[in-house]
Amino acid sequence: MLQGKVALVTGASRGIGAAIAAGLATHGARVVLCDLAAQRRHSEAVAAKIGDALVYDLDVTDKSAIEAVVNDVTAKCGSIDVLVNNAGILKPSRLEDLGEETWDAHFAVNAKGVLLMTNAVLPQMRARKNGRIINIASIAGRQGVPTQGHYAATKATVITLTRVYAQEVGEDGITVNAICPGIIATEMGRNNLGSEEAERYWAGVTALRRLGDPDDIVGPAAFFASELSGFVTGQALNVDGGIYFH
Ligand SMILES: NC(=O)c1ccc[n+]([C@@H]2O[C@H](COP(=O)([O-])OP(=O)(O)OC[C@H]3O[C@@H](n4cnc5c(N)ncnc54)[C@H](O)[C@@H]3O)[C@@H](O)[C@H]2O)c1
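Residues numbered from 1 in each chain as written. Predicted model: local features only at pLDDT ≥ 70, side-chain atom pairs only at ≥ 80, totals over all residues. Heavy atoms only, no water.

If you check an unreviewed UniProt entry, the chain appears there as SDR family oxidoreductase from Jiella sonneratiae. Of the chain, the UniProt comment under Sequence similarities (unreviewed entry) reads exactly: "Belongs to the short-chain dehydrogenases/reductases (SDR) family." (UniProt positions renumbered as here; feature names shortened; annotations may be inferred.)

Here is the structure:
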């Protein structure tokens with residue numbers, strides 16, 4: 001499905017990003033794993049399992065580092081056909097107690113990171129008149145919950161960026177779509193829930209009566225990355241086992 005395509009995934013050393021990278025590789029893509037330098041060991045381990053994968057230390061808030069990585073990948077691989085903006089952070093806090101640094105850090109990684117990464121890959125996608133951009137938002141971006149107001153605001157921003165980019169770049173054959181995961185059993189997901197009781201509760205409110213697994217995000221990501229979704233753009237797809245129905 002993705003033979004001959006190069007897919008760059010941010011935040012790819014673990015969790016949903018690692019699953020998407022491995023999944024896109026299974027579907028034939030050559031994958032480029034990007035994550036913080038501190039995660040290098042984990043990125044290398046994911047790459048070793050995949051086989052033919054490139055690894056870069058990359059902080060998605062660092063514009064010049066992004067440009068250097070995009071240039072290097074393009075020189076080595078010829079193109080970046082698929083960009084998956086997956087890197088994200090969540091540090092829960094009630095809004096009344098939220099420090100400015102926490103607000104700024106969430107917007108820097110979760111929202112500005114999407115802008116910087118996307119703008120860095122668009123010129124070569126426009127030149128080839130083809131490209132796939134996939135933003136990992138969240139059902140939190142549909143409706144905030146207590147202690148996640150700042151995070152939810154960043155994810156609502158990601159959904160808006162998805163819709164606007166889709167309209168601005170569609171003329172060059174580039175699609176931009178978002179995936180809104182529900183509660184996925186990753187480090188972030190489990191930290192967020194905090195207890196087995198909360199995990200049981202959230203599993204219980206899904207139509208499918210379970211939490212998500214990182215691999216549950218792979219199929220939708222492969223769909224948006226492939227030609228199968230060629231006439232789909234500007235969409236935000238809930239992948240939540242049935243929590244939200246709009
Ligand atoms: N787990 C869930 O329940 C859930 C639900 C909805 C959305 N999401 C979203 O899915 C994405 C992946 O989440 P996850 O659950 O796998 O989380 P995770 O914490 O397991 O992984 C996030 C990855 O992003 C990386 N990262 C953080 N800051 C970065 C930066 N500045 N530059 C580059 N990489 C950075 C981390 O090192 C980590 O590898 C995030 O955008 C998250 O908001 C997760």
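A.B. asks: Explain the site of the ligand to me, and be specific about the residues and the numbers.
C.D. replies: Close to the ligand lie 29 residues, the nearest being R14, D35, N86, Y151 and T186. Interatomic distance of 2.7 Å between a backbone N/O atom of N86 and an oxygen atom of the ligand. At a separation of 2.9 Å, an oxygen atom of the ligand approaches a polar side-chain atom of K155. Burial of the ligand by the surrounding chains reaches 95%, relative to a free accessible area of 830 Å². (Near = heavy atom within 4 Å. Polar contact = N/O pair within 3.5 Å; in protein donor to acceptor, adjacent residues only side chain to side chain. Areas by Shrake-Rupley, 256 points an atom, 1.4 Å probe, with all protein chains shown as cover.)

A.B. asks: I'd love a proper account of the UniProt feature "domain: Ketoreductase" (unreviewed entry) in the chain, names of residues and values included.
C.D. replies: Per the UniProt annotation, the sites labelled "domain: Ketoreductase" (unreviewed entry) are residues 5-182. As annotated, residues 5-182 comprises 49% helix and 19% strand, and the C-alpha atoms at either end are separated by 28 Å. (Helix = DSSP H or I, 4+ residues; strand = E, 2+ residues; numbered from the N terminus.)

A.B. asks: Go over the nonpolar core, please, and point to the residues and values.
C.D. replies: L8, V32 and V73 are the most contacted members of the largest nonpolar core, which totals 40 residues. Secondary structure elements with two or more residues in this core: β1 (6-10), β2 (30-35), β3 (53-57), α3 (63-77), α4 (100-128), α5 (149-169) and β6 (174-181). The element contributing the most residues to this core is α4, with eight residues. Setting aside residues no more than four positions away along its own chain, V73 makes contact with V6, L8, V32, Y56, G78 and I80. The next biggest cluster of nonpolar side chains, apart from the first, holds 28 residues, and it includes L24, L33, V55 and V82. (Core = buried A, V, L, I, M, F, W, Y, C linked by side-chain atoms within 4.5 Å. Buried < 20%, exposed > 50% of the residue type's maximum accessible area, 1.4 Å probe, protein only. Contact = heavy atoms within 4.5 Å.)

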